[in-house]
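The chain contents come next:
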Amino acid sequence: DIQMTQSPSSMSVSLGDRVTITCRASQDIGNYLSWYQQKPEKSPKLMIYGATNLEDGVPSRFSGSRSGSDYSLTINSLESEDTGIYFCLQHKQYPRTFGGGTKLELK
Amino acid sequence: QVQLKESGPGLVQPSQTLSLTCTVSGFSLMDYSVHWVRQPPGKGLEWMGRMKYDGDTYYNSALKSRLSISRDTSKSQVFLKMNSLQTEDTAIYYCTRVPDNNYPFDYWGQGVMVTVSS
């Protein structure tokens, strides 16, 4: 199975901060990497697909990038509505596997 | 609009069988695949298996011996059955939609909490 190692597991951030979350894949997954945001008591929301593509309706302060087997989600100028848990998903191979999640909280 | 909704018992006794239903609207099960994902309290997400749009199924090998996914396209429903439940199967169970192979989950249901306890 492909292991997705996500870091950090939590972040305490301030409004306006630039935030970067990373997932490292244990095997080649190409660009079959997506990012999700999950709010308390809500189902996950697709934010980024294909490693770098912004899902419709997602604010442009969100972006995705790839460097080798490292995939990053960046939030420029954090807003209060961006708090929650973020996780990555690889959909190159079965079983689909997820990063462990990053909890983003305001200081 | 696209919706998925899970339903099923909130409490299941150990060693019993879990039966969940995912009722979808806004799309056809013959055009999109439906996957099941679960999340134990305080833990990460685990992919369980999928019903492809052509009726083909595929399971996580860790659950394959206990898991079955089926569907009724006329009712727009996908079913999950898992037997021999144990306390570690306590989780929120989600059904999700996938447009095509190697695509991400683009819509998720609200999830249903299942507790395994006597």
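Reading guide: rules and limits
Residues numbered from 1 in each chain as written. Chains lettered and ligands numbered in written order. Predicted model: local features only at pLDDT ≥ 70, side-chain atom pairs only at ≥ 80, totals over all residues. Heavy atoms only, no water. Helix = DSSP H or I, 4+ residues; strand = E, 2+ residues; numbered from the N terminus. Disulfide = S-S within 2.5 Å. Buried < 20%, exposed > 50% of the residue type's maximum accessible area, 1.4 Å probe, protein only. 1 Å grid on protein atoms, 1.4 Å probe; cavity = no way out; pocket = protein on both sides within 12 Å on 5 of 7 lines; lining within 4 Å. Points joined across faces, edges and corners; volume = space filled by probe spheres on them. Nonpolar A, V, L, I, M, F, W, Y, C, P; charged D, E, K, R; others polar. Contact = heavy atoms within 4.5 Å. Buried area = accessible area lost by both parts, 1.4 Å probe. Salt bridge = Lys/Arg side-chain N within 4 Å of Asp/Glu carboxyl O.

Caption draft 1: Main features of the environment of Ser63 of chain A. Within the secondary structure, Ser63 of chain A is located in strand E7 (residues 62–67). Note: C-alpha distance between Ser63 of chain A and Thr22 of chain A (41 residues apart in sequence) is 12 Å.

Caption draft 2: Just the state of the cysteines, in detail. Taken as a whole, this structure holds 2 disulfides over all chains when the rule is applied. Two residues share a disulfide in this structure: Cys23 of chain A and Cys88 of chain A, whose sulfurs sit 2.0 Å from each other. Disulfide Cys23 of chain A to Cys88 of chain A: torsion about the S-S bond roughly -90°, handedness left-handed. Of this pair, Cys23 of chain A sits in strand E3 (residues 19–25) while Cys88 of chain A sits in strand E9 (residues 84–90); the two residues are 65 residues apart in sequence, bridging distant segments of the chain. Judged by its relative accessible area of 0%, Cys88 of chain A is buried. With its sulfur 2.1 Å from that of its partner, Cys22 of chain B forms a disulfide with Cys95 of chain B. Residues Cys22 of chain B and Cys95 of chain B are joined by a disulfide whose S-S torsion is about 75°; by sign, that bridge is right-handed. In this pair, Cys22 of chain B is assigned in strand E3 (residues 18–25) and Cys95 of chain B in strand E9 (residues 91–98), connecting sequence segments 73 residues apart. Here Cys22 of chain B falls in the buried class, since its relative accessible area comes to 0%.

Caption draft 3: Spatial organisation of empty space enclosed by the protein. Going through the model one piece at a time under the given rule, you end up with 1 cavity of 30 Å³ or more. Considered as a void within the structure, the largest cavity measures approximately 50 Å³ in volume. As for the largest cavity, its lining consists of Tyr94 and Arg96 of chain A together with Ser33, His35, Arg50, Lys52, Tyr53, Val98, Asp100, Asn101 and Asn102 of chain B. In terms of residue class, the lining of the largest cavity is built from 3 nonpolar, 4 polar and 4 charged.

Caption draft 4: Region of the structure containing the interface of chain A and chain B. At the junction of the two partners, chain A supplies 17 residues and chain B supplies 19 residues. Contact between chain A and chain B buries roughly 1500 Å² in total, counting both sides, with carbon and sulfur atoms accounting for 62%. Of all residues in chain A, Tyr94, Arg96 and Phe98 of chain A give up the largest surface area on contact with chain B, accounting jointly for 39% of the area buried on that side. Joining chain A to chain B, the criterion identifies 0 salt bridges. Mapped onto the side of chain A that touches chain B, the elements with two or more residues apiece are strand E4 (33–38), strand E5 (45–49) and E9 of chain A. The element best represented in the side of chain A that touches chain B is E4 of chain A, accounting for 3 residues. In terms of residue class, the side of chain A that touches chain B is built from 10 nonpolar, 4 polar and 3 charged.

Caption draft 5: Here's a closer look at the pattern of salt bridges. Going through the model one piece at a time under the given rule, you end up with 11 salt bridges over all chains. Note that Arg61 of chain A is salt-bridged to Asp82 of chain A, the shortest N-O span being 2.7 Å. With Arg61 of chain A in the loop between strand E6 (53–54) and E7 and Asp82 of chain A in the loop between strand E8 (70–75) and E9, this pair connects stretches of sequence that are 21 residues apart. With a closest N to O distance of 2.7 Å, Arg38 of chain B and Glu46 of chain B form a salt bridge. A single salt-bridge network, built from bridges that share partners, covers Arg61, Glu79, Glu81 and Asp82 of chain A.

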